[in-house]
Amino acid sequence: WYLMMFLSWEISTFGANTEFNRFYVKNASSYLINGIVLVDANFNLNLSDEPLQALKNGVPLNFVIDIEITRQRRHLPWNVTVATLEQRYRLLFYSLTNQYLVYNVNNEVTENYADFDQALASISELKDFPMVDRKLLSIKENYDVHLRIRLDLESLPSPLKLLAYISNNWRLKSQWYSWPLILNS
């Protein structure tokens, strides 16, 4: 009986934060420059109170932008994944200096911001991200790009991780955003 009650509560609250669209992809596109396929994307990132409170108390928040390139299969209902990439950012707050730090995990670049909105704005824009070398893809095939952003719960400290997995306020991720990859431009 308790299990049924918990499952019905979990199912009824699972979509609770989706009505607020806390994380979503505003737009994304790819383009070819010097033989490299680059991607630009803009995200809406609206953190709920619990992650904000944790950040203010010294817990770093990790954001992951997942990117997949799939090849369309002509006579089969599923596509083949040909490449997966991650762009990772770590957001930290230093109460002593009242500064927000955004650390780009991929290229190890750190930027400091005086306020939270500026720090979050830097994470919510992906610009000129190198996705794949054009030579690795066949011009005869059709490809799609899929992209999303999420709060990485696995990177949270262990005591907080369990709470994050059972609370909708921590499960922050966008839907996948997809578009066809054009290789001949």
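Refer to the structure presented above.
Q: Describe helix 3 (residues 116-123), and please don't skip the residues or the numbers.
A: Within helix 3, burial applies to Phe116, Ala119, Leu120 and Ile123. End-on view of helix 3: buried residues confined to an arc of 95 degrees, all on one side of the axis. Of the residues that open helix 3, the one with a side-chain oxygen 3.3 Å from the backbone nitrogen of aspartate 117 is aspartate 115.

Q: A description of the sheet that holds strand 8 (residues 143-151) should follow, citing residues and the corresponding values.
A: Pairing between the strands of a sheet is mediated by backbone hydrogen bonds and can be parallel or antiparallel. Spatially, six strands are ordered 6-5-4-3-8-9 in an open sheet, and the strand pairing comes out antiparallel. Sheet topology places strand 6 (109-113) and strand 9 (177-181) at the edges, where each strand pairs with a single neighbour. Strand-to-strand twist across the sheet, computed as the mean angle between neighbouring axes with direction ignored, equals 20 degrees. With nine bridges joining them, strand 3 (residues 61-71) and strand 8 adopt antiparallel strand pairing. From the neighbouring strand, isoleucine 67 faces strand 8, where its bridge partner is leucine 147. Of the strands in this sheet, strand 3, strand 4 (80-94), strand 5 (99-104) and strand 8 touch helix 2 (residues 49-56), which is tilted by about 55 degrees from strand 4.

About the thresholds
Residues numbered from 1 in each chain as written. Predicted model: local features only at pLDDT ≥ 70, side-chain atom pairs only at ≥ 80, totals over all residues. Heavy atoms only, no water. Buried < 20%, exposed > 50% of the residue type's maximum accessible area, 1.4 Å probe, protein only. Helix = DSSP H or I, 4+ residues; strand = E, 2+ residues; numbered from the N terminus. Arc of directions from axis to C-beta. Polar contact = N/O pair within 3.5 Å; in protein donor to acceptor, adjacent residues only side chain to side chain. Pairing = 2+ DSSP bridges. Axes fitted to C-alpha atoms, helices over the stretch in contact; angles between N-to-C directions. Contact = heavy atoms within 4.5 Å.

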